[in-house]
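Architecture at a glance
Residue strings, one per chain:
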Amino acid sequence: MMFQIRSPQVAALTRVSLRSTRQPCSRGSISKASTLAHQRACLSKTWLPTGGLAPNEKEDGHSKLVRAGYLRQSHAGVFHMLPLGQRVQEKLEKLIDKHMLSVGASKVSLSSLSSEALWEKTKRLEAYGPELFRLTDRKDAPLLLAPTHEEEITNLVAKLVTSYRSLPLRLYQIGRKYRDELRPRQGVLRSREFLMKDLYTFDASVDAALQSYEEVRAAYSRLFDELKIPYVVAEASSGDIGGDLSHEYHLPSSMGEDMVISCNSCTYVANEELATAKSPSQEQSADKARVWRGVTKDRSTLVNVWFPNMPGLSGSDINTHAIKSVVPQLDSSMEDSIAFWTQDSTPESESPKVLKLVNVVDRRMSPDIHESIKGGKHPQLFPTGSNLKISSIKNETITKAEDGQKINALRIRDGDNCAHCESGELKVQKAVELGHTFHLGTRYSEPLGAKVQLRENTMAPMQMGCHGIGVSRIIGAVANHLADERGLNWPRVIAPYEVVIIAGRGVEDEDANQVYDQLVGDQQQVDAVLDDRPESFPWKMKDADTVGHPVIVLLGRKWLSDKMCEVQCRRLKVKEDVAFDELPVYINNLLSQL
């Protein structure tokens with residue numbers, strides 16, 4: 001992220017606003033009860049390290065968060081939340097608390113430290129691999145910083161719950177998680193330390209667990225509706241978490257690293273790992289095949305992916321998710337493995353280091369390619385320069401997935417035919433994952449002994465669900481989605497302040513206090529703040545846009561002459577003079593749309 005230092009004259013105008021040279025937020029006399037009921041919120045009383053950083057031409061949402069004083073980077077992939085960022089975070093947590101309460105969930109706080117022994121029991125220790133932050137205590141006990149808490153919560157419940165009468169049980173937390181990302185990027189969208197809400201449900205039967213799952217899904221929809229952002233719910237793979245039912249909640253965004261596929265005719269939506277398209281009607285012969293080459297993580301198996309030589313197709317169109325479903329150990333991080341194939345080849349007189357060759361055949365290829373591969377006759381079986389011979393290694397061909405369907409080795413593209421309706425075409429769009437729900441079954445309760453006694457006096461493992469929301473990620477994603485060239489632009493429900501009040505030249509502090517009290521009142525109807533900092537009026541206006549307050553109330557000339565406030569709402573394209581007495585109703589009407 002690059003910033004330009006402004007000229008000394010402009011830098012003076014945008015200096016860090018930490019000082020206050022006058023008595024801030026003096027109490028007015030409009031209502032003694034009002035002034036006693038609340039303490040006015042004033043920007044002069046808050047540390048706001050704004051100014052000194054100029055926007056660049058390609059400024060993204062994260063850069064705007066930094067420039068507006070919401071957060072600062074501590075280390076690669078690690079960030080400090082500053083006062084404005086903390087207010088956004090706390091409001092988002094409050095929103096989550098409300099919707100978790102709606103499904104009867106109790107809030108807990110689990111330790112960030114987890115035992116490696118628990119992760120060994122569930123066989124996830126090695127599956128997570130280098131993403132885990134691992135450490136030992138002074139007694140050499142192996143620990144890790146938890147990237148997720150399925151093991152710990154299951155172990156806790158196993159010790160405290162033994163009867164079906166204690167179920168259903170729904171426990172959630174909002175806490176810090178840790179993943180040693182290889183390449184942390186895009187600020188809080190992909191970081192090493194992040195804030196996450198995770199809800200864990202425990203039920204006595206599969207039917208009860210599925211009911212819990214649907215109740216949580218409904219709560220998630222209500223939560224994202226309240227954020228007023230365009231989200232997409234997609235069928236998803238359970239990945240390392242486990243289970244056989246899963247949905248993701250995505251915000252479509254060019255910044256996204258996930259791909260969501262949807263149909264323009266029916267309700268089908270899925271992520272790229274799970275999405276399917278209608279099988280092609282034509283097949284291509286072996287002589288028109290192309291090959292993408294890969295290798296497994298242990299370097300013992302070479303992988304050929306055979307796909308048709310069609311216009312516009314390249315190796316980047318290979319769906320590595322589909323390949324990993326049949327070759328789980330595929331090293332999908334290796335962009336070009338041809339050099340490895342050649343390097344690991346050995347002279348004909350020696351045995352090759354590679355033990356196996358796996359050929360994955362795309363469903364668009366005709367059956368004649370199978371014999372060509374099996375007999376070692378196809379000229380593209382090995383890359384040029386390789387000394388490997390078909391007689392010296394085990395040769396395997398895979399044409400179907402575990403479900404018996406032919407393998408679609410290519411990524412779905414815009415315009416592919418939907419497999420779930422007659423006339424629909426598929427659309428592919430980038431998206432940021434904001435939440436994920438999993439029906440886990442007994443994936444964790446079985447190995448960790450979380451069982452309850454049923455009516456029949458038998459013990460059975462609890463049926464579990466796991467439901468996550470990326471708190472830090474929502475902040476970064478929403479900031480980027482709603483920002484424009486002037487700055488951030490928050491939804492009402494998580495804005496640091498809903499309304500900022502700015503007094504122009506000649507307007508007394510008492511007048512600004514009067515407007516504040518009119519909006520806030522004794523019931524805290526509007527979350528407003530007074531910008532009483534000793535800066536110029538233009539500076540405050542520009543800062544209000546940068547920070548992204550949903551509504552700005554200006555006291556200028558018309559206030560002095562007619563007690564009229566200028567109300568601005570950039571997102572709704574509103575700029576209107578409003579009488580003092582009508583201000584609360586008018587402002588609340590605007591906020592209800594944000």
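If you're wondering where the values come from, they're calculated on a predicted model, not measured in any experiment.

This part covers the packing of aromatic side chains. Considering all chains together, one arrives at seven aromatic pairs under this definition. Plain terms: the ring middles of Tyr 220 and Tyr 249 are 5.3 Å apart, the flat faces sit at 65° to each other, and that makes the pair edge-to-face. Of the two residues, Tyr 220 sits in helix H8 (residues 206-227) while Tyr 249 sits in strand E10 (residues 245-252), which places them 29 residues apart along the sequence. Take Tyr 220 and Tyr 249: they sit in the same class, and that class is buried.

Two elements, strand E15 (residues 356-361) and strand E16 (residues 394-398), share five bridges in a ladder whose sense is parallel. By the bridge assignment, Lys 356 is partnered in E16 with Lys 394. Since E15 and E16 lie parallel, the crossover through helix H11 (residues 368-374) that links them has a hand, and here it is right-handed.

Along helix H16 (residues 583-591), the positions that sit buried rather than exposed are Leu 583, Pro 584, Tyr 586, Ile 587, Leu 590 and Leu 591. Down the axis of H16, the buried set is contained in an arc of 165°. They therefore lie on one face. Its buried side turned inward, H16 meets strand E21 (499-503), helix H13 (509-520), strand E23 (551-555), strand E24 (564-569) and strand E25 (574-579).

Cis geometry marks the peptide bond from Leu 167 to Pro 168; its omega dihedral reads 5°. Even without a glycine there, the phi angle at Lys 123 is positive, about 60°. Tracing the backbone through its elements, the reader meets Lys 123 in the loop between helix H5 (116-121) and helix H6 (125-128). Not every positive phi belongs to a glycine, and Arg 299 is a case in point at roughly 65°. Of note, Arg 299 is situated in the loop between strand E13 (289-295) and strand E14 (301-308). Exposure remark for Arg 299: the relative accessible area of 28% places this residue in the partly exposed category.

Strands sit in the order E4-E6-E5 across an open sheet of three strands; the sheet is antiparallel. Both edges of this open sheet fall to strand E4 (113-115) and strand E5 (133-136), since each of them pairs with a single strand only. Neighbour-to-neighbour, the strand axes of this sheet turn through a mean angle of 40°, independent of strand direction. Where E5 meets strand E6 (residues 142-145), four bridges bridge the pair, whose relative direction is antiparallel. Note that in E6 the partner of Thr 136 across the bridge is Pro 142.

Time to look at the confidence of the model for the protein. On average, the protein scores 86 in pLDDT, and the residues at 70 or more come to 89%. In the predicted structure, residues 1-24 sits below a pLDDT of 50 and forms 49 contacts with residues beyond four places in sequence or in another chain. Of the regions scoring below 50 in pLDDT, residues 344-352 engages in 13 contacts with residues more than four places distant in sequence or in other chains.

Here the focus is the nonpolar core. In terms of nonpolar packing, the biggest core is built from 85 residues, with Tyr 70, Trp 490, Val 499, Ile 501, Val 515, Val 553 and Ile 587 touching the most fellow members. Apart from residues lying up to four places away in sequence, Ile 587 is in contact with Val 499, Leu 519, Val 526, Val 551, Val 553 and Val 567. Of all hydrophobic cores here, the second largest spans 18 residues; its members include Leu 167, Leu 169, Phe 438 and Val 452.

Considered as a void within the structure, the second largest pocket measures approximately 330 Å³ in volume. Looking at the second largest pocket, it is lined by 16 residues, and the ones nearest its centre are Lys 278, Pro 280, Met 310, Arg 364 and Asp 416. Per-class residue counts for the lining of the second largest pocket are six nonpolar, four polar and six charged.

As a further point, take helix H12 (residues 471-482). Compared with the 16 Å implied by 1.5 Å per residue over twelve residues, the 17 Å span of H12 between its first and last C-alpha is a close match. Taken across its twelve residues, H12 has eleven buried, putting it largely inside the fold. Inspection of H12 places Val 471, Ser 472, Arg 473, Ile 474, Ile 475, Gly 476, Ala 477, Val 478, Ala 479, Asn 480 and Leu 482 among the buried residues, and these make up the whole buried set.

Right, let's talk about the environment of Arg 557 for a bit. The topology assignment puts Arg 557 in helix H15 (residues 557-562). With 51 residues separating them along the chain, Arg 557 and Gly 506 place their C-alpha atoms 8.5 Å apart.

Glancing now at the packing of H13 against H16. It is the contact of H13 with H16, at a shortest axis distance of 9 Å, that shows an interaxial angle of 60°. In terms of orientation, H13 lies oblique with respect to H16. In this structure, the crossing between H13 and H16 has a hand that is right-handed. The residues of H16 that touch H13, namely those facing Val 515, Gln 518 and Leu 519, are Leu 583, Pro 584 and Ile 587.

This paragraph deals with the sheet that holds E15. Spatial strand order, E13-E14-E15-E16: four strands in an open sheet with mixed pairing. Of all strands in the sheet, those with a lone pairing partner are E13 and E16, marking the two edges. Neighbouring strand axes in the sheet, compared pairwise and without regard to direction, differ in orientation by 20° on average. Of the pairings in the sheet, the one linking E13 to E14 comprises seven bridges and is antiparallel in character. Bridge pairing in E14 places Arg 293 opposite Asn 304.

Procedures and definitions
- Residues numbered from 1 in each chain as written.
- Predicted model: local features only at pLDDT ≥ 70, side-chain atom pairs only at ≥ 80, totals over all residues.
- Heavy atoms only, no water.
- Phe/Tyr/Trp six-rings, centres within 6.5 Å; stacked < 30°, edge-to-face > 60°.
- Helix = DSSP H or I, 4+ residues; strand = E, 2+ residues; numbered from the N terminus.
- Buried < 20%, exposed > 50% of the residue type's maximum accessible area, 1.4 Å probe, protein only.
- Pairing = 2+ DSSP bridges.
- Right-handed = clockwise from strand over helix to strand, strands pointing away.
- Arc of directions from axis to C-beta.
- Contact = heavy atoms within 4.5 Å.
- Axes fitted to C-alpha atoms, helices over the stretch in contact; angles between N-to-C directions.
- pLDDT = per-residue confidence, 0-100.
- Core = buried A, V, L, I, M, F, W, Y, C linked by side-chain atoms within 4.5 Å.
- 1 Å grid on protein atoms, 1.4 Å probe; cavity = no way out; pocket = protein on both sides within 12 Å on 5 of 7 lines; lining within 4 Å.
- Points joined across faces, edges and corners; volume = space filled by probe spheres on them.
- Nonpolar A, V, L, I, M, F, W, Y, C, P; charged D, E, K, R; others polar.
- Expected span 1.5 Å × (residues − 1).
- Parallel < 35°, antiparallel > 145°, perpendicular 65-115°, else oblique.
- Left-handed = near helix turned anticlockwise from the far one by under 90°.

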